[in-house]
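One-letter residues, chain by chain:
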Amino acid sequence: MSTIENVSRRGFLKGALASGAFIIGLQYLPKIVRAEGAVAGTGISDTVFRPDLFVGIQTNGTVYIIAHRSEMGTGIRTTLPLILADELDADWARVEVEQAIGDTRYGSQDTDGSHSVRDFFDVMRQAGATARLMLTQAAAAQWNVPVAECFANLHTIVHRPTGRKAGYGDLALAASKLPVPKKEELQFKPKSAWRYIGKGAPSVDLKDLCTGKAVFGMDARMDGMLYASIEHPPVLGGKVKSVDDKEALKVMGVQQTVALDPFKPPHAFQPLGGIAVIANNTWAAFQGREKLKIEWDDGANAAYNSDQYKKQLQETARKPGKVARNAGDVDAAFAKAGKIIEADYYVPHLAHASMEPPVALADVRGDKVTVWTATQNPQAVQSEISRALGIPKENVICNVTLLGGGFGRKSKPDYAVEAAILSKQVGRPVKVVWRREDDIQFDYFHSVAAMYMKAALDDKGRPTAWLQRSVFPTISSTFAPDQTYGAPFELAMGWTDVPFEIANLRVENGPATAHVRIGWLRSVSNIYHAFAVSSFVDELAKAAGRDSLEYLLEVIGQPRHIDLKAIGYPNYGGAPDAYPIDTGRLRRVTEMAAEKAGWGKRKLGKGAGLGISVHRSFLTYVATVVEVEVDDKGKVRIPRVETVVDAGMVVNPDITRAQFEGAAVFGTSIARTGEITATNGRIDQSNFHDYRVARMNDAPVQTNVTIVDSSAPPGGVGEPGVPPFVPALCNAIFAATGKRVRELPLSRNKLAV
Amino acid sequence: MIRFKVNGVERTFEGDAEMPLLWYVRDILGMTGTKFGCGMSLCGACTVHKNGEAIRACMTPMRTVAGAEIVTIEGLAGNELHPVQKAWMQVNVPQCGYCQSGQIMQAAALFNKKKRPTDQEIDQAMSGNICRCGTYQRIRAAIKAAAEGKA
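Residues numbered from 1 in each chain as written. Chains lettered and ligands numbered in written order. Predicted model: local features only at pLDDT ≥ 70, side-chain atom pairs only at ≥ 80, totals over all residues.

Visitor: Outline the overall build of chain B, supporting the account with residue identities and numerical values.
Guide: Tallying secondary structure elements over chain B gives 6 helices and 5 strands in all. Order of helices (α) and strands (β) in chain B, N terminus to C terminus: β-β-α-β-β-β-α-α-α-α-α. C-alpha atoms of chain B, sized along the principal axes, occupy 45 × 30 × 25 Å. Taking all 151 residues of chain B together, 59% fall into the buried category. Taking the contacts inside chain B whose residues are at least 6 apart along the sequence as the reference set, 64% of them involve residues at least 24 apart. (Helix = DSSP H or I, 4+ residues; strand = E, 2+ residues; numbered from the N terminus. Buried ≥ 20, exposed ≤ 12 C-beta atoms within 10 Å, placed from the backbone. Contact = placed C-beta atoms within 7 Å.)

Shown next, in the form of structure tokens:
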């Protein structure tokens, strides 16, 4: 029998059924429960909205809330259940959170794009209100009084006239027999009655995380499982020409090797192929791999060299590209302008490098598969394994562990597919463990990008024309290798939505061919786009001899809504009316961040400087002021960061603050040392010695996060802190040293004064 | 045969003496609180105590633990949580939490030696431990809270 160590409470629903508990919409509960009862795979539908999927109450009063999105550190496993608990008026101390398996009935479980709260705020509230109403109806029926005379109060239904009370647990059984009310019958709590929303709660996993009991993908175990480590083709699209595994098989603990087929283009989410070493512990599998002798047929991508590629991108960026947005007549304005400013910016590939490398455990029994993995996207695990093994996707049960970081990498289930293929091959549960080197060299890399910027200034230094052109291999190449232009969703990230009030403005994009896997990384295209836009506007301010803050506000212009319907701006999936591009909100966070940082009011020492940037992404407005100190050797210290966030309504403020504290560190890693390069198609970096990330001694010392009090609909919080940080830092370096950083990372720049 | 103690329990090992302690505690003992992050002593996710000192289990061959007392995150707390663990919870340090076993073991080794470390001493002790979520300022705050007996 399979066991997963440390997964407590896993069997609660089975127990709940036995004791006759109230579980709304029983048939919609996670499949794992029914799998244990051997009735899996029935009645699957693609219904997206089912509030009754998410909550159950035991007769002892314990409320179970299903977390259907993946927990990778953003606190979503706490925050979404907190919304439901609030509307249910449950006592949070009596709530247990249960992680959902992959199941389309939950709607999208792909935990990326910073939209979990935005998309599921109402869903959670409806689920909570539904359960509350049914409990209220059950109490009213029991007391033979009108429902209207009864109300919920912290895990109890109260009869107003008599003060009679009944606990949720006592009402659970009766409530379970009532029909599920329609949405129109529900009454939501007024904002003034919210117990948890806006106040928040610590992570439900906090104690487990501090005591080593939390279960990540790396920690999943099954009886009789074997461990696999895979030597992938070093060049994307490469194949095994020959393999000699004799020495590998002699390693103590190694059981066998298995050849994995190369992918059939497009590579998408398929495994890369290669040779797997199967052993009875992880170390033996790693050792066996060292002894493999493999000859590779590298294929066409062996011609990929980053130095050369960079030149190509930069040349392309200097040529006319495809126009993605146009206002006025930029060319005419340039022709008659007095002062023209141009600049090229460059950001290299980046790797996700989450602390937990990709890892998955799969057990294939006949045409059924059970997976335990750290995934941002359990439904993709199901569909990709289904495709690889030729079985229905309902036959794939994907259990989601905690994720040791994700940052977008773990939306791609290639490593889980590897585990399933290997388990099928060896007839035992197999856990595939990627080493750090595999993680860094076989990532879905953040795109390398070159940007060309050009502006004309009038005699007061104000921009009369603005041209911006970006060139980068697109994420779309993952699914269609011949795609060379940026996809609309990529251009919509900080590029077509440039929020400046400039009469003549043109946004362009040029072509680039991908030679490695390209994927989403925390805040995605916003990283390079915001770097170029926010750096360039600072360059213009300096060229005009103006204060950076004052100039930035002037270029943003008056508070207004920018209408990009004409270019079909996707707006992160948010309705333009509910989520307009609001320059008033941009201005406000900018002014607040400047105020907090003492902009223009403090006397800074030699080699010190402040830099500012503001950026809207994932429907959230963030302004950041970075303070730096650069010594005469060019060493950069970041004593303080002030970040102001307008994310609309915020459910869990402390966890939200933590996301922006973390974003400053993530941004520091990008800015200081973030660089992945290729030589002959092979990635040059391999571990934390040559792909360096920020440590305590080079991270910002203090990041203060201010959340704007807002009743606007919720925006994202996981990603939007990253884009403004990097240019704010580089602008601060300019203020401190007079040296303009146009190329990342900083380690490529000479900053000594 | 190698004899040693893990969290106070006598253990023996007869496998590959080059196997790092990390994989022994994880795969053989099934104690998974100690994490794999890099395999090269670069990230600190695998930090445990050997005779009271913080070490990287990923590069500690089993042959070097003969006679040693090893403590992992599972064995850090006695009847109640270690002051560092309490402080971690009070400050809400973890985000994804994967590195935090190692961070806590590193901080606990510092705390056990030096009850009131300076900022510089904290930086020095903790900069071998990477947190990709970027919880460093809360780690520093938690160490100070533990030092001040506030946790």
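Visitor: Break down the overall build of chain A for me, citing the residues and quoting the values.
Guide: Helices and strands together make up the secondary structure of chain A, namely 19 helices and 29 strands. Its C-alpha radius of gyration of 27 Å places chain A within 12% of the 27 Å reference for a compact globule of 753 residues. Along the longest, intermediate and shortest principal axes, the C-alpha atoms of chain A span 80 × 75 × 45 Å. Split into buried and exposed, the 753 residues of chain A put 58% on the buried side. (Rg over C-alpha atoms; globule rule 2.2 N^0.38 Å.)

Visitor: A description of the packing of helix H15 (residues 526-543) of chain A against helix H19 (residues 722-737) of chain A should follow, citing residues and the corresponding values.
Guide: Residue and element names in this part refer to chain A. Between H15 and H19, the shortest axis-to-axis distance is 8 Å and the interhelical angle comes to 35°. Note that H15 runs across H19; the crossing there is right-handed. Mapping the contact onto sequence places Asn526, Ile527, Ala530, Phe531, Ser534, Ser535 and Asp538 in H15 and Val722, Pro723, Pro724, Val726, Pro727, Cys730, Asn731 and Phe734 in H19. Considering only residue class, the contact of H15 with H19 consists of 10 nonpolar, 4 polar and 1 charged. (Axes fitted to C-alpha atoms, helices over the stretch in contact; angles between N-to-C directions. Left-handed = near helix turned anticlockwise from the far one by under 90°. Nonpolar A, V, L, I, M, F, W, Y, C, P; charged D, E, K, R; others polar.)

Visitor: Would you mind going over the interface of chain B and chain A in detail, with residue names and values included?
Guide: Each side of the interface is counted separately: chain B has 46 residues, and chain A has 49 residues. Looking at the side of chain B that touches chain A, the elements that each hand over two or more residues are helix H1 (21-28), helix H2 (73-76), helix H3 (83-91), helix H4 (100-113), helix H5 (119-126) and helix H6 (136-147) of chain B. Looking at the side of chain B that touches chain A residue by residue, the classes come out as 24 nonpolar, 16 polar and 6 charged.

Visitor: Give a description of the environment of Val91(B) that names residues and reports values.
Guide: Examined against the element boundaries, Val91(B) turns out to sit in helix H3. Residues Val91(B) and Gly149(B), spaced 58 residues apart in sequence, show a C-alpha to C-alpha distance of 13 Å.

Visitor: So what about the sheet that holds strand E2 (residues 9-13) of chain B? Which residues, and what values?
Guide: Residues and elements named next belong to chain B. Within the open sheet, the 5 strands sit side by side as E2-E1-E5-E3-E4. Their pairing is mixed. Either end of the sheet is taken by a strand with one partner, and the two such strands are E2 and strand E4 (53-56). Strand-to-strand twist of the sheet, defined as the mean angle between neighbouring strand axes without regard to direction, takes the value 40°. Two elements, strand E3 (residues 47-50) and strand E5 (residues 69-71), share 2 bridges in a ladder whose sense is antiparallel. Each residue of the ladder has a partner; that of histidine 49, found in E5, is valine 71. Where H4 meets the sheet, it contacts E3 and E4, and its direction lies at approximately 35° from that of E3. (Pairing = 2+ DSSP bridges.)

Visitor: So what's going on with the pairing of strand E24 (residues 608-617) of chain A? Which residues, and what values?
Guide: Residues and elements named next belong to chain A. Most of E24 is tucked away: 8 of the 10 residues are buried. Bridging between E24 and strand E25 (residues 620-630) involves 10 bridges; their strand directions are antiparallel. Directly across from isoleucine 612, in E25, lies its bridge partner valine 625. Counting the residues in the hairpin turn of E24 and E25 gives 2 residues, including phenylalanine 618, whose phi is positive at 50°.

Visitor: I'd like a description of the confidence of the model for chain B, backed by residues and values.
Guide: Put simply, chain B has an average pLDDT of 97, and 99% of its residues get 70 or more. Here the predicted complex scores 0.95 on pTM and 0.98 on ipTM. (pLDDT = per-residue confidence, 0-100.)

Visitor: Can you explain the confidence of the model for chain A? Please cite residues and give values.
Guide: Averaged over every residue, the pLDDT of chain A is 92; residues scoring 70 or more account for 93%. Segment residues 1-51 of chain A is flagged for pLDDT under 50; beyond a separation of four residues in sequence, or across chains, it makes 96 contacts in the model.

Visitor: So what's going on with helix H4 (residues 116-143) of chain A? Which residues, and what values?
Guide: Residues and elements named next belong to chain A. Across its 28 residues, H4 extends 40 Å between first and last C-alpha, which sits within 8% of the 40 Å expected from 1.5 Å per residue. At aspartate 122, H4 shows its maximal bend, which comes to roughly 30°. Positive phi appears at asparagine 144, one or two residues downstream of H4, with a value of about 60°. (Expected span 1.5 Å × (residues − 1). Bend = angle between axes of the 7 residues up to and from the residue.)

Visitor: Can you break down unusual backbone geometry residue by residue, with the values?
Guide: Residues and elements named next belong to chain A. In this structure, proline 266 follows proline 265 across a cis peptide bond, with omega equal to 0°. If you trace the backbone, proline 266 turns up in the loop between strand E10 (254-260) and strand E11 (274-279). Residues leucine 744 and proline 745 are joined by a peptide bond in cis, for which omega reads 0°. When you line up the elements, proline 745 lands in the segment after H19.

Visitor: A description of the nonpolar core should follow, citing residues and the corresponding values.
Guide: Note that soluble globular proteins tend to have their nonpolar side chains buried in a common cluster. All names here are of chain A. Ala228, Val371, Ala419, Ala420 and Leu729 are the most contacted members of the largest nonpolar core, which totals 274 residues. Counting residues per element, this core draws most heavily on H4, at 12 residues. Discounting chain neighbours no more than four positions away, the residues touching valine 371 are Ala360, Leu361, Ala362, Val381, Ile385, Val396, Ile397, Cys398, Asn399, Ala416, Ala419 and Ala420. (Core = buried A, V, L, I, M, F, W, Y, C linked by C-beta atoms within 7 Å.)

Visitor: Residue-level account of the sheet that holds strand E19 (residues 449-457) of chain A, with values.
Guide: All names here are of chain A. Ordered by their spatial adjacency, 5 strands build an open sheet running E13-E21-E20-E19-E14, and the pairing between neighbours is mixed. Because the sheet does not close on itself, it has two edges, and the strands there are strand E13 (322-327) and strand E14 (339-347). Averaged over all pairs of adjacent strands, the angle between their axes in this sheet comes to 10°, without regard to strand direction. Relative to strand E21 (residues 504-510), strand E20 (residues 463-471) is paired through 7 bridges, and the arrangement is parallel. Note that in E21 the partner of leucine 467 across the bridge is arginine 506. Relative to E19, helix H9 (residues 306-317) is tilted by about 30°, and along the sheet it contacts E14, E19, E20 and E21.

Visitor: Give a description of the environment of Val117(A) that names residues and reports values.
Guide: All names here are of chain A. With respect to the helices and strands, valine 117 occurs in helix H4. In this structure the C-alpha to C-alpha distance between valine 117 and valine 516, which are 399 residues apart in sequence, comes to 33 Å. When residues no more than four places from it in sequence are discounted, the contact partners of valine 117 are Thr79, Val651 and Pro714.

Visitor: Account for the packing of helix H18 (residues 653-673) of chain A against H19(A), naming residues and giving values.
Guide: All names here are of chain A. One way to put it is that H18 packs onto H19 with a least axis distance of 8 Å and a crossing angle of 55°. By the angle class used here, H18 and H19 are oblique. Remark: the crossing between H18 and H19 carries right-handed chirality. Taken together, the residues of H19 that come into contact with H18 (itself represented by Ala663, Ala664, Phe666, Gly667, Ile670 and Ala671) are Val722, Phe725, Val726, Leu729 and Cys730. Looking at the contact of H18 with H19 residue by residue, the class counts come to 10 nonpolar, 1 polar and no charged. (Parallel < 35°, antiparallel > 145°, perpendicular 65-115°, else oblique.)

Visitor: I'd like a rundown of the pairing of E3(B), residues and numbers included.
Guide: All names here are of chain B. Strand direction decides the pairing type here: E3 and E4, joined by 4 bridges, are antiparallel. Along E4, the bridge assignment pairs histidine 49 with alanine 54. With antiparallel pairing between neighbouring strands as the criterion, E3 and E4 make up a hairpin whose turn holds 2 residues, including asparagine 51 at a positive phi of roughly 50°.

Visitor: How would you sum up helix H8 (residues 282-290) of chain A? Please name residues and give values.
Guide: Within H8(A), 7 of the 9 residues are buried, which leaves the element mostly enclosed by the surrounding structure. Taken as a whole, H8(A) has its buried residues at Thr282(A), Trp283(A), Ala284(A), Ala285(A), Gln287(A), Gly288(A) and Arg289(A). Looking at the buried positions of H8(A), the neighbouring elements they touch are strand E8 (226-231), helix H7 (246-250), E10, E11 and strand E18 (430-433) of chain A together with H1 of chain B.

Visitor: Hey, could you go over the environment of Val471(A) for me, with residue numbers and the actual values?
Guide: Residue and element names in this part refer to chain A. With respect to the helices and strands, the residue valine 471 is situated in strand E20. By the C-beta count within 10 Å, which is 27 here, valine 471 ends up buried. Sequence spacing of valine 471 and valine 498 is 27 residues, and the spatial spacing of their C-alpha atoms is 16 Å.

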